[in-house]
Amino acid sequence: MTQPAAKRRISIFGATGSIGDSTLSILRLNPKAYDVVALTGSGNIKALAEAAREFNAEIAVTADDVRLGELKEALAGTGIEAAAGAQAIEDAASRPADWIMSAIVGAAGLPPGLKALEQGTTLALANKESLVTAGPLLLDTARRHNATILPVDSEHSAIFQALNGENIDTVERVIITASGGAFRDWPLDDIAKATPEQASSHPNWNMGQRITIDSASMFNKALELIETREFFGVQPDQIEVLIHPESLIHAMVGFCDKGLLAHVGPHDMRHAIGYALGYPNRPDLPLERLDLAKIGQLTFQAPDMARYPALELARRVMEIHGLAGAVFNGAKEAALDGFISRQIGFNDMVRVVGNVIELMSGEGLGNAAITLDSVREADQMARKHAVQSMAALKL
Ligand code: NAD
Ligand code: MG
């Protein structure tokens, strides 16, 4: 008698967000193949409880301590455990699972990501901030515990796919594409006056608000430059950004024979999530089949640095290296909060982050050891300086 195939144990950190929701939709294609272990969220208790009920999760965790009672109530009678707080999220990442999606937004994704790697599992990494703030720590933790990290960011999934079977030593350059964001065609003077609402709509992708605004400012691409360097170990001068308004080529890898391998796919994150879930096999996904004859043409432009100064900042961060990524991300998160709450204007974000990097660049950032503590400290300090810099801008 044949034994039924063992179910894969799956956890999703950031299950209520855009990536989390897309991950759940992929599981829904074949729900009998999975046992859902932990699902986490923060403010949206209803969505978290609904997903936990639908997938009969072992545990649901909200980052928001004060919402525990509400979560317990929403799960009453199901036998699903409920927990709350940052520590509970970390603890949930230690629950044995075969595949863990890291889709919390921001630096808060790092501690559970590390805990997941410590159990030697496969971590599907959407949370680019983990690599930006603590790339060497993340990769070293994976190595020491024999864990695997699979990139989920579309550009990095594309690079990973193009590198499959290739020798990394033959790579000359890596090109990541950018749509240009919400303000690609806006006059520069208008961008300075842009509101959070205007920055929160993306021409091609449907994503969480924070990454959508980061796409308009190109901070998202700046993070991705650093993410590329950390994950693939290529040198900063080997990484290029190319504006590609159609967002159909996600990345290209250029080899020493001058050939380029481009990854072309629909702008739908379910492709990269499905690839990471199926890896090393390709899953059958119900996504749009691209009709290139109908699309007609794919276009490319060099990024205009006057429009996207965040890209220059990323180059500076890569030059300093060490804890500069944690400082960059911490300052960026604080400045983004400042913009969303209308304390500062759109172009002030890059000013604030630039100020913080220059202020802290004398503090031995490049040589510091990268530990969870040192990353947290750099992150906190950067946020503090960013708040001061924002206050100074208003004077
Ligand atoms: P989102 O805002 O839609 O969802 C974020 C998730 O994180 C939610 O589940 C939220 O509850 C949770 N969360 C927020 N703050 C938290 C905290 N302090 N502690 C614990 N949980 C918290 O974001 P998203 O668009 O799904 O993006 C998630 C991550 O994936 C980000 O790092 C983003 O850069 C990356 N990413 C997203 C996309 C995309 O298409 N959305 C593409 C590539 C990479
Ligand atoms: Mg991306």
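This write-up is about the structure you can find in this document. A quick note: this is a predicted structure, and the numbers were derived from the prediction, not measured. Positions within a chain are numbered from 1, following the residues in the order the chain's sequence is written. As they are written, the chains are lettered A onward and the ligands numbered 1 onward, keeping that order. Totals for whole chains, interfaces and linings use every residue, but because this is a predicted model, local features are given only for residues with pLDDT of at least 70 and side-chain atom pairs only at 80 or more, for both listing and counting. No hydrogens and no water enter the side-chain calculation; it runs on all heavy atoms of the structure.

Description of the packing of aromatic side chains
Alright, step 1. Whether two aromatic rings pair depends on their centres lying within 6.5 Å, for rings of Phe, Tyr and Trp, where Trp uses its six-membered ring; planes under 30 degrees apart make the pair stacked, over 60 edge-to-face, and the rest tilted. Using the criterion set out here, one finds 8 aromatic pairs in the structure.
Alright, step 2. Aromatic rings pair up to connect F183, W186, F339 and F346 into one cluster.

Comments concerning the sheet that holds strand β7 (residues 148-151)
Alright, step 1. Strand order in this open sheet of 7 strands is β4-β3-β2-β1-β5-β6-β7, and the pairing throughout is parallel. Both outer strands of the open sheet, β4 (81-84) and β7, are each paired with one neighbouring strand and no more. Strand-to-strand twist of the sheet, defined as the mean angle between neighbouring strand axes without regard to direction, takes the value 20°.
Alright, step 2. Paired strands, as defined in this entry, are two strands with at least two bridges between them according to DSSP. By definition, any uninterrupted DSSP run of H or I lasting at least four residues is a helix, any uninterrupted run of E lasting at least two residues is a strand, and each is numbered from the N terminus. Of the strand pairs in this sheet, strand β2 (residues 34-41) and strand β3 (residues 59-62) are connected by 4 bridges, and their pairing is parallel. The residue of β3 that forms the bridge with A38 is I59.
Alright, step 3. Its contacts with the sheet place helix α4 (residues 86-93) against β1 (8-13), β2, β3, β4 and β5 (99-102), and it is angled at close to 145° to β3. Axes here mean lines fitted to C-alpha atoms, for a helix over just the part in contact, with angles spanning 0 to 180 degrees between N-to-C directions. Here a residue-residue contact requires only that any non-hydrogen atoms of the pair lie within 4.5 Å.

Looking at the site of ligand 1
Alright, step 1. Residues in contact with ligand 1 amount to 23 residues; listed here are only the nearest, T16, S18, I19, S42 and E129.
Alright, step 2. Within the backbone of V105, an N or O atom sits 3.4 Å from an oxygen atom of ligand 1.
Alright, step 3. Methods summary: accessible areas were calculated by the Shrake-Rupley approach with a probe of 1.4 Å, and residue burial reflects only the protein chains presented. Contact with the protein chains hides 84% of the accessible area of ligand 1, taken as 830 Å² for the molecule alone.
Alright, step 4. Of all the elements in the fold, those that place two or more residues in the shell around ligand 1 are α1 (18-27) and α6 (128-144).
Alright, step 5. Domain start and end points were adopted from an automatic or database domain assignment. The residues that make up the shell around ligand 1 include at least three from each of domain 1 (8-151) and domain 2 (157-266 + 298-394). Being near a molecule or strand, for a residue, means having at least one of its heavy atoms within 4 Å of it. Contacts described as polar in this section are N or O atom pairs within 3.5 Å, which, within protein, must combine one atom able to donate a hydrogen with one able to accept it, while residues neighboring in sequence count only if both atoms come from side chains.

A closer look at helix α17 (residues 372-394)
Alright, step 1. Helix length check: α17, at 23 residues, gives a terminal C-alpha distance of 33 Å against a target of 33 Å (1.5 Å per residue), a fit within 8%.
Alright, step 2. Partly exposed describes any residue whose relative accessible area lies between the buried limit of under 20% and the exposed limit of over 50%, with all areas from a 1.4 Å probe on protein chains only and scaled to the type maximum. When we look at burial in α17, the residues that qualify are S374, V375, A378, D379, A382, H385, A386, S389 and M390.
Alright, step 3. Close packing links the buried residues of α17 with α5 (110-118), α6, α15 (324-340) and α16 (348-360). Expected helix span is taken as 1.5 Å per residue step, with the number of steps being one fewer than the number of residues.

Some remarks on the packing of α6 against α15
Alright, step 1. Look at α6 against α15: their axes get within 6 Å of each other, and the N-to-C directions meet at 135°. One finds that α6 runs oblique with respect to α15. Residue-level inspection shows E129, V132 and T133 of α6 in contact with α15, the latter providing G325, A326, N329 and E333.
Alright, step 2. Think of it as three bins: nonpolar holds Ala, Val, Leu, Ile, Met, Phe, Trp, Tyr, Cys and Pro, charged holds Asp, Glu, Lys and Arg, and polar takes everything else, Gly as well. Looking at the contact of α6 with α15, its residues break down into 2 nonpolar, 3 polar and 2 charged. Should an angle fall under 35 degrees it is called roughly parallel, over 145 degrees roughly antiparallel, and 65 to 115 degrees roughly perpendicular, with every other angle called oblique.

Brief notes about the nonpolar core
Alright, step 1. If you look at the biggest cluster of nonpolar residues, it comprises 90 residues, and the most contacted ones within it are F328, F346 and M349.
Alright, step 2. The element that contributes the greatest number of residues to this core is α15, accounting for 9 residues.
Alright, step 3. If we skip the residues at most four places from it in the chain, F328 touches F219, A222, L223, I226, L313, V317, V353 and I357.
Alright, step 4. Among buried residues, those of type Ala, Val, Leu, Ile, Met, Phe, Trp, Tyr and Cys that are joined through side-chain atoms within 4.5 Å constitute a nonpolar core. Counting 37 residues, the second-largest nonpolar core is a separate cluster that includes L24, I26, I80 and A124.

Quick look at the packing of helix α7 (residues 154-163) against helix α11 (residues 219-232)
Alright, step 1. Look at α7 against α11: their axes get within 10 Å of each other, and the N-to-C directions meet at 35°. In this structure, α7 crosses over α11, and the sense of that crossing is right-handed. The residues of α11 that touch α7, namely those facing E155, H156, I159, F160 and L163, are K221, E224, E227, T228, F231 and F232.
Alright, step 2. By residue class, the composition of the contact of α7 with α11 is 5 nonpolar, 2 polar and 4 charged. Crossings are assigned a handedness: left-handed for a near helix turned anticlockwise from the far helix by less than a right angle, right-handed for a clockwise turn.

Side note on the coordination of the magnesium ion (ligand 2)
Alright, step 1. As a rule, N, O and S atoms within 2.8 Å of a metal are its donors, except that Na, K and Ca use 3.2 Å; water is not among the atoms, so sites may look incomplete. Looking at the magnesium ion (ligand 2), the protein donor atoms are D153 (OD), E155 (OE) and E224 (OE), and they sit 2.1 to 2.2 Å from it.
Alright, step 2. For the magnesium ion (ligand 2), the donor residues sit on a single chain with the sequence spacing D-x1-E-x68-E. By the burial criterion, D153 is buried, and E155 matches it.

Function-wise, these values are silent; they only describe arrangement.
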